[in-house]
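Topology and contacts: notes
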Amino acid sequence: METAEIRRRWLTFFEKNGHTVVPSAPLIHDDPNLLFVNAGMVPFKPYFLGQETPQWDRATSVQKCVRTGDIEEVGKTSRHGTFFQMNGNFSFGDYFKKDAIRLAWELLTSSQSEGGYGLDPDRLWATVYEDDDEAERLWAEYTSIPLDRIVRRGKADNYWHMGVPGPGGPCSEIFYDRGPEYGREGGPAVDEDRYMEIWNLVFMQYELSAVRSKVDFDIAGPLPAENVDTGMGLERIASILQGVDNLYEIDEVYPVLEKAAELTGKTYGAHSGHAASESNPDDVRLRVVADHVRSSLMLIGDGVTPGNEGRGYVLRRMLRRAVRSMRLLGFAEPALPHLLPVSMERMKQSYPELETGFDRISQIAYAEEEAFRRTLASGTTILDTAVTRTKESGGQVLAGDQAFQLHDTYGFPIDLTLEMAEEQGLSVDREGFTRLMQEQRDRAKADAKAKKSGHANTEVWKDLRAAGETDFRAWHELTSEAKVLGLVVDGERVEEIEPGQRGQVVLDRTPFYAESGGQIADEGIITADGVHLKVMDVQRPVKGLIAHTVEVVHGPLRTGAPVLAEVDPEWRLSACQAHSGTHVVHAALRQVLGPSALQSGSYNKPGYLRLDFAWGQALSAATRSEIEEVANLAVRKDLPVSAAWMPLAQARELGALALFGETYGEDVRVVEIGGPWSRELCGGTHVGHSSQVGALTVTGESSVGSGVRRLEAFVGMDALRYLARERAIVAELTGLVGAQPGELTERVAAMVTRLKDAERELERSRKQAVLAAAGSLTDNAKDVGGVRFVGHDAGADAGADDVRAMVLDARQKLGDGAPSVVAVTGGAKGRPVVVIATNQAARDRGIRAGELVRIAAQTLGGGGGGKDDIAQGGGQDLAKTGEAINAVEWRVGELAG
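About the thresholds
Residues numbered from 1 in each chain as written. Predicted model: local features only at pLDDT ≥ 70, side-chain atom pairs only at ≥ 80, totals over all residues. Heavy atoms only, no water. Pairing = 2+ DSSP bridges. Helix = DSSP H or I, 4+ residues; strand = E, 2+ residues; numbered from the N terminus. Axes fitted to C-alpha atoms, helices over the stretch in contact; angles between N-to-C directions. Expected span 1.5 Å × (residues − 1). Buried < 20%, exposed > 50% of the residue type's maximum accessible area, 1.4 Å probe, protein only. Right-handed = clockwise from strand over helix to strand, strands pointing away. pLDDT = per-residue confidence, 0-100. Contact = heavy atoms within 4.5 Å. Parallel < 35°, antiparallel > 145°, perpendicular 65-115°, else oblique. Left-handed = near helix turned anticlockwise from the far one by under 90°. Nonpolar A, V, L, I, M, F, W, Y, C, P; charged D, E, K, R; others polar. Patch = residues over 30% accessible without salt bridge, like charges linked within 9 Å, V, L, I, M, F, W, Y side chains within 5 Å. Areas by Shrake-Rupley, 256 points an atom, 1.4 Å probe, with all protein chains shown as cover. Salt bridge = Lys/Arg side-chain N within 4 Å of Asp/Glu carboxyl O. 1 Å grid on protein atoms, 1.4 Å probe; cavity = no way out; pocket = protein on both sides within 12 Å on 5 of 7 lines; lining within 4 Å. Points joined across faces, edges and corners; volume = space filled by probe spheres on them. Disulfide = S-S within 2.5 Å. Core = buried A, V, L, I, M, F, W, Y, C linked by side-chain atoms within 4.5 Å. Phe/Tyr/Trp six-rings, centres within 6.5 Å; stacked < 30°, edge-to-face > 60°. Lys NZ or Arg CZ within 6 Å of the ring centre and 35° of its normal.

1. So, the sheet that holds strand β25 (residues 641-647)
- Ordered in space as β25-β26-β27, the three strands form an open sheet in which the pairing is antiparallel. Taken across any chain shown, the strands that pair with only one partner, and hence form the sheet edges, are β25 and β27 (678-681). The mean inter-strand angle of the sheet, taken between neighbouring strand axes irrespective of direction, is 25°.
- Here four bridges tie strand β26 (residues 667-673) to β27, and the two strands are oriented antiparallel to one another. Residue pairing in the sheet places Glu672 in a bridge with Arg679 of β27.

2. Here we look at helix α3 (residues 97-109)
- Under the 1.5 Å per step criterion, the end-to-end length of α3 is 18 Å for 13 residues, consistent within 8% with the ideal 18 Å.
- Every buried residue belonging to α3 is among Lys97, Asp99, Ala100, Ile101, Leu103, Ala104, Trp105, Leu107 and Leu108, and all of these are buried.

3. A closer look at the pairing of strand β31 (residues 787-793)
- Here strand β30 (residues 782-784) pairs with β31 via three bridges, running antiparallel. Among the inter-strand pairings, Asp783 is bridged to a residue of β31, identified as Arg788.
- Sheet topology note: the β31/strand β32 (residues 820-826) ladder contains six bridges and is parallel. Looking at the pairing, Gly791 lines up with Ala823 of β32.
- Crossover handedness for the path β31 to helix α22 (residues 800-814) to β32: right-handed.

4. Considerations on the confidence of the model for the protein
- Per-residue confidence for the protein gives a mean pLDDT of 88, with 96% of residues at or over 70.
- Here residues 450-456 is a poorly scored stretch, pLDDT under 50, and it has six contacts once near neighbours within four places are set aside; other chains count.

5. As for the packing of helix α1 (residues 3-16) against α3
- In the contact formed by α1 and α3, the axes pass within 11 Å of each other and the chain directions differ by 135°. Here α3 runs oblique to α1, going by the angle between their axes. Seen along the crossing, α1 lies across α3 with a hand that is right-handed. The segment α1 lies against α3, with Trp10, Phe13 and Phe14 engaging Leu103, Glu106 and Leu107.
- Taken together, the residues that form the contact of α1 with α3 break down as five nonpolar, no polar and one charged.

6. Points about the environment of Ile198
- Residue position: Ile198 is located in strand β8 (residues 195-211).
- A relative accessible area of 2% means that Ile198 is categorised as buried.
- Between the C-alpha atoms of Ile198 and Phe175, which are 23 residues apart in sequence, the distance is 5.7 Å.
- Not counting the four nearest positions on each side in its chain, Ile198 is found in contact with Leu108, Leu119, Leu124, Ile174, Tyr176, Gly231, Met232, Gly233, Ile237 and Ile240.

7. What to know about a nonpolar patch on the surface
- Taken together, the side chains of Met717, Leu720 and Leu723 present a nonpolar region at the surface, about 280 Å² in accessible area.
- Examined against the element boundaries, Met717 turns out to sit in helix α20 (residues 716-737).

8. With respect to empty space enclosed by the protein
- Under the defined criterion, the tally for this structure stands at one cavity of 30 Å³ or more.
- A volume near 40 Å³ is recorded for the largest cavity.
- The class makeup of the residues in the lining of the largest cavity is four nonpolar, two polar and one charged.

9. Regarding the state of the cysteines
- A complete count under the given rule lists zero disulfides for this structure.
- Free of any disulfide, Cys171 has its nearest neighbouring cysteine sulfur in Cys65, separated by 16 Å.
- There is no disulfide at Cys682, and the cysteine sulfur nearest it, in Cys576, is 10 Å away.

10. A few points about the sheet that holds strand β35 (residues 870-874)
- What the six strands build is an open sheet, ordered β30-β31-β32-β33-β35-β34; its pairing is mixed. With one partner strand each, in any of the chains shown, β30 and β34 (863-866) form the two edges of the open sheet. Strand after strand, the sheet turns through a mean of 20° between neighbouring axes, direction not considered.

11. Some remarks on the pattern of salt bridges
- In this structure the tally under the stated criterion is 47 salt bridges.
- Across the pair Arg58 and Asp94 runs a salt bridge whose closest N-O atoms are separated by 2.5 Å. Residue Arg58 is found in strand β2 (residues 58-66), and its partner Asp94 is found in the loop between β3 (83-92) and α3; the two are separated by 36 residues along the sequence.
- Taking the relative accessible area as the measure of exposure, Arg58 reaches 22% and is therefore partly exposed.
- Between Arg709 and Glu701 there is a salt bridge whose closest N-O contact spans 2.6 Å. Side by side, Arg709 and Glu701 carry an identical accessibility label, which is buried.
- Sharing partners across several salt bridges, the network here consists of Glu2, Asp251 and Arg346.

12. So, unusual backbone geometry
- Cis peptide bonds are those with omega within 30 degrees of zero, and the linkage from Gly555 to Pro556 qualifies with 10°.
- Topologically, Pro556 is positioned in the loop between β20 (547-554) and β21 (557-558).
- Its identity as a non-glycine residue notwithstanding, Asp490 has a phi of 50°, on the positive side.
- Of note in this structure, Asp638 is not a glycine but carries a positive phi near 55°.

13. Some remarks on helix α25 (residues 881-896)
- For α25, built from 16 residues, the straight-helix expectation of 22 Å at 1.5 Å per residue is met to within 8% by its first-to-last C-alpha distance of 23 Å.
- In this structure, the buried residues of α25 make contact with β30, β31, β32, β33 (833-838) and α24 (849-859).

14. What to know about the nonpolar core
- Grouped together as the largest cluster of nonpolar side chains are 109 residues, with contacts concentrated most on Leu108, Leu119, Trp139, Ile198 and Trp199.
- If we ignore the near neighbours within four places in the chain, the residues touching Leu108 are Tyr117, Gly118, Leu119, Leu124, Ile174, Ile198, Trp199, Met232 and Ile237.
- The next biggest cluster of nonpolar side chains, apart from the first, holds 30 residues, and it includes Ala578, Cys682, Val693 and Val698.

15. Looking at the side chain of Asn604
- Examined against the element boundaries, Asn604 turns out to sit in strand β23 (residues 599-605).
- The buried category is assigned to Asn604, whose relative accessible area is 0%.
- Those residues in contact with Asn604, other than ones at most four positions away along the chain, are Gly518, Gln519, Ile520, Ala575, Ala578, His579, Thr582 and Leu609.

16. Brief notes about the packing of aromatic side chains
- Under the counting rule described, the total for this entry stands at 23 aromatic pairs.
- Arranged with centres 5.5 Å apart and planes meeting at 75°, the rings of Tyr129 and Tyr159 form a pair that is edge-to-face. Of this pair, Tyr129 sits in strand β4 (residues 124-129) while Tyr159 sits in strand β6 (residues 159-160), and the two are 30 residues apart along the sequence. Comparing Tyr129 with Tyr159, the two get one shared label, buried.
- Note on Phe472 and Tyr513: the rings are 6.2 Å apart at their centroids and 55° apart in plane angle, and the pair reads as tilted. Placement of the pair is Phe472 in strand β12 (residues 471-472) and Tyr513 in the loop between β17 (509-510) and β18 (524-528), with a sequence separation of 41 residues.
- Under the relative-accessibility criterion, Phe472 is labelled buried at 16%.
- Among the aromatic residues, ring-to-ring pairing joins Phe44, Tyr47, Trp56, Phe90 and Phe92 into one connected group.
- The lysine or arginine in question, Lys155, covers the ring of Phe217, its NZ or CZ lying 5.0 Å from the ring centre.
- Positioned over the ring face of Phe472 is Arg540, at 4.9 Å from the centre of the ring.

Dropping the structure here:
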């Protein structure tokens, strides 16, 4: 049974049993505690917490999820994957334990001809929380599972929560016995590879406050209603129904693994057993490739782009792990162009948007692979240098801090460092590397914990939200009469705020736009009798509630007071110009570059906009000009701007574009400029006609990540001011060079050419002078213990290349008849440099340039290294060049003696 069919049967079964089918939310969710949706219940969390009223009593979904906490275990077990799909059925105060168990049993054991999954009841086990007598009784009463296959387990296994404050409760898990060839007999407590968990029924009863670990948490109290949240791993049940050993071999994943095996010449499974613990390392790597390619496809599809922080770092790490695994398997060519299309072909059955957006997705992924290949090239050079220095010092182990620097600074994987060091006869200090990695992880965890605790402290906002939503009037009003519902200072609710204080004001209605969708918040004032507040920021601390950050100019202001909220009209007009300008630029961009140039992020404020979009290369000046012209022509046409609410499905049918990273409800607001020319989902404020955007001028274009470019522009008066400044600069330059504006480019280019010619002539003359000085160096050679020694300070004008040329010239003139050492220092740009060369006769006497240069560089306050015949170093103290030469001469004498 194909995975897509398993998915279809799930939704059909629960829909027939009174559940509303809810589409999967994007992997990016507006929960400050989560990088990605990591469980099927995440989109329903506000309902379980009582923050919002659900639209249905029963719901079902197949939710996209990503978990990366166990990323190192991917491929090593039958159950760990980064991207997975969670089949869920949910009850919001409707049915509870009995019906959850009854429905699960019916779907699992009904025959496939009846629409079920047809599992053998004799292979199913159930676990319950250690104190849950009711769940054990219900399993025995409503199923054919005997009591000896109903196992009680503790909090670590049978109590569910999200790892952060929120809903939780005891759970009951369903396991499938895959047979003795997969492990030991005895149930889930003995072997969770043989006994695979396929379904978790969570009986959500409590709200957890402090969560210190999986088993250590505080229960704040019961939830407003008893709820059910279940999750069946789609990939896990697919592996059982398709008769394969693990989730990497199901129909949605295996084709990528198969292609990777073909490219690398490996035979998957040839040297592995059925159990995950019997896996050959090559098979583990093939599974990593298959898992990470699919996960990357889904993440980029939902708007994530590779980066160095947060979600972007997770994606980058997975893409690079996939590429690295292919390299370790022996495939050194670009791999993603072979693998990503295979994954898309399998996943598009359930997610057709992957096919329509594949140009954008592949562009981003391929650019990241190419960037990583460049990283590998540069990292290889750095690693080779580190290996050489280790060998020169007589060492056999590459230092852990060097391996960590390669990993942390250059993105060079430790596995590759180990492999390449071994090829050159060295091992790596894994203990030192692991210690540094753990220190970094500890810092990251501490930072994440601090951020989580900061975000999670929302009790004050939940209390205010319980009184009702803020009536949001920003789309139609600049002024609203309102009532103060609450005041917050330093995270605590207060009854009044006084002059000089800063705090947050919650009103029953507001004309202020709260920052979202790339648009920053409005500014303005809130006034009352004897009260004047300056509004500095406007945010949504919890869904449905708007908080105004204010500075009290006159007051005090008390809870319950009537006020007048007024948005600065000039600020709002400029903000509307910028946001509508963003839509115009996006439409112009797609018209010029094509539909794959899709917006991946935006930011706009009065007078300024920036727009990030998927594109693999820099735009030419001509292309930027064309985009700017198309945008301004749309402004000039005075296109109507309209906004309408409609169901999400209808908006998609109309072709409305969604901003990646935003979460949308069942009903969405669609903003159109010129009808279908620009049609996007958007909650921002806009002008009434495109002509109101005013002037629009593109000021820059740059890279912000692999496969992602950024356009910046000014709009309205800011655009005119920018153009006026540019005009003033042109006028000043024409005056300086005595040319007309039309002649300026040619005149300046000619001046630059003459300047470069003059600089080259000066450099040539300087080099001639240096070489002339080098001609007499050998005349001053000293006899140091039978070794001819030349020591010379070339002065502050001599750079590293000059010094190196002098040294090589002098060594050649000295010849090979007797042992010779040449040491020359220089000081270009105020920093000393030293180069030392030896001939073969000197090296035969144990005199090596690498050792001598380290002595000189240490004297100069720096370091250096190189080969036995020539080496280079540098330092900080230019005044000690003579002292450095003396130190080298002394060491030569010591070695010669």
